[in-house]
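Chain by chain, the residues run as shown.
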Amino acid sequence: MATFAVTGSASGMGAASAAALSAAGHTVIGVDLRAADILADLGTAEGRDLAAEEILARCGGRLDGVAAIAGVGPDLPDAAAVVSINHFGPVRLLERLLPALAASGAGRAVVIGSNSASTVPLIDDGLVELALAGEEQAARERARAAAEAMPAEVRAMAPSISAYASSKFALARWVRRTAVTPEWARQGVLLNAIAPGAVLTPLMLGSTGDAADHDPDAFPTPMPLGVFGRPEDIAFWVQQFLRPEARFTTGAVLYVDGGTDAAMRPDAQ
Ligand code: NAI
């Protein structure tokens, strides 16, 4: 049986993934702000250091996989925090855990992006560049300034929508660029991303009530299947990416979104 670290394990997709992996008999090291094996704020350098050290201590320096799922949504008021949590959280943690993944011999990493990276028309190219350059402080400042400059009606609905979509866009691009470097690929460590669409988790339901209040056909982006996703729908693919048998897939971004991206961009491949 394998040992996996799962961030965001206290809720939603992370909780569903941790539960599925545990039920399959694997050892799961959960990381979250609360109700987890390791309590750490992945939005800060100190929190990432703490999480990395604790994970390495618990797995003895040999880790079979990481599912970097922790994240926040576009309605978090602090756009700078969105960038730190959604982009730098998974990136910095995975960089720290790479030696332990390599030691496994069949290391697997999967991150959770979002289909908003391709379906939300508010990508800030400058922010994406700063994120990919590893300039966290500059990226934070840019995200905050851009959020403050947005029209009041957009800010009222989703104050960090541009930072959210841009941080997920940068994360997917980081996965594609990084997965094929010799440090990852030639050590047999595979790195992939899942881009979920609307999934019924506390993040999506947030302040707006329970699942019954949401109509897929009234959602702002198309929902061709006529249903929202469940956390288990994402956990299923998390499990597949973490399997040792998934040995020829790296640098992939898999849309698990009920067809939203295909409906909006049918000719993009
Ligand atoms: P959720 O809110 O149910 O779970 C997210 C978990 O991440 C929570 O347990 C939370 O405490 C943890 N977390 C947040 N900030 C953290 C921090 N600074 N340090 C450590 N842990 C932190 O949300 P959900 O929906 O399960 O989200 C999982 C991932 O999926 C996130 O990255 C989110 O951005 C992404 N996503 C969600 C979509 C949705 O419709 N629910 C759509 C597309 C992407």
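Please refer to the structure placed before this passage.
What you are looking at is a predicted structure, and each value in this text was computed from that prediction instead of being measured. (Residues numbered from 1 in each chain as written. Predicted model: local features only at pLDDT ≥ 70, side-chain atom pairs only at ≥ 80, totals over all residues. Heavy atoms only, no water.)

### Here's the deal with the site of the ligand
Around the ligand, 30 residues are found, and the nearest of them are Ser-11, Met-13, Asp-32, Asp-41 and Thr-201. Within the contact set of the ligand, an oxygen atom lies 3.2 Å away from a backbone nitrogen or oxygen of Val-72. Within the side chain of Lys-168, a nitrogen or oxygen atom sits 2.9 Å from an oxygen atom of the ligand. Here the ligand, which alone exposes 820 Å², has 93% of that area covered by the protein. No other element matches the three residues that helix H10 (residues 202-205) contributes to the shell around the ligand. For the shell around the ligand, a count of residues per class yields 17 nonpolar, nine polar and four charged. (Near = heavy atom within 4 Å. Polar contact = N/O pair within 3.5 Å; in protein donor to acceptor, adjacent residues only side chain to side chain. Areas by Shrake-Rupley, 256 points an atom, 1.4 Å probe, with all protein chains shown as cover. Helix = DSSP H or I, 4+ residues; strand = E, 2+ residues; numbered from the N terminus. Nonpolar A, V, L, I, M, F, W, Y, C, P; charged D, E, K, R; others polar.)

### Brief notes about the nonpolar core
Core analysis: the largest hydrophobic core is formed by 31 residues, its most contacted members being Ile-55, Leu-63, Leu-94, Val-111, Trp-174, Trp-184 and Leu-191. Put simply, the parts of the chain that give this core at least two residues each are strand S2 (27-32), helix H2 (45-59), strand S4 (65-68), helix H3 (79-104), strand S5 (108-112), helix H8 (161-179) and strand S6 (190-196). Not counting residues within four places of it along the chain, the set of residues in contact with Leu-94 comprises Val-66, Ala-109, Val-111, Trp-174, Trp-184 and Leu-191. Judged by nonpolar contacts, the second largest core, of 18 residues, contains Val-110, Ile-194, Val-238 and Val-256. (Core = buried A, V, L, I, M, F, W, Y, C linked by side-chain atoms within 4.5 Å. Buried < 20%, exposed > 50% of the residue type's maximum accessible area, 1.4 Å probe, protein only. Contact = heavy atoms within 4.5 Å.)

### Describing the packing of aromatic side chains
Per the counting criterion, the structure on display carries three aromatic pairs. Centre to centre, the rings of Phe-236 and Trp-237 are 5.0 Å apart; their planes meet at 85°, and the pair counts as edge-to-face. (Phe/Tyr/Trp six-rings, centres within 6.5 Å; stacked < 30°, edge-to-face > 60°.)

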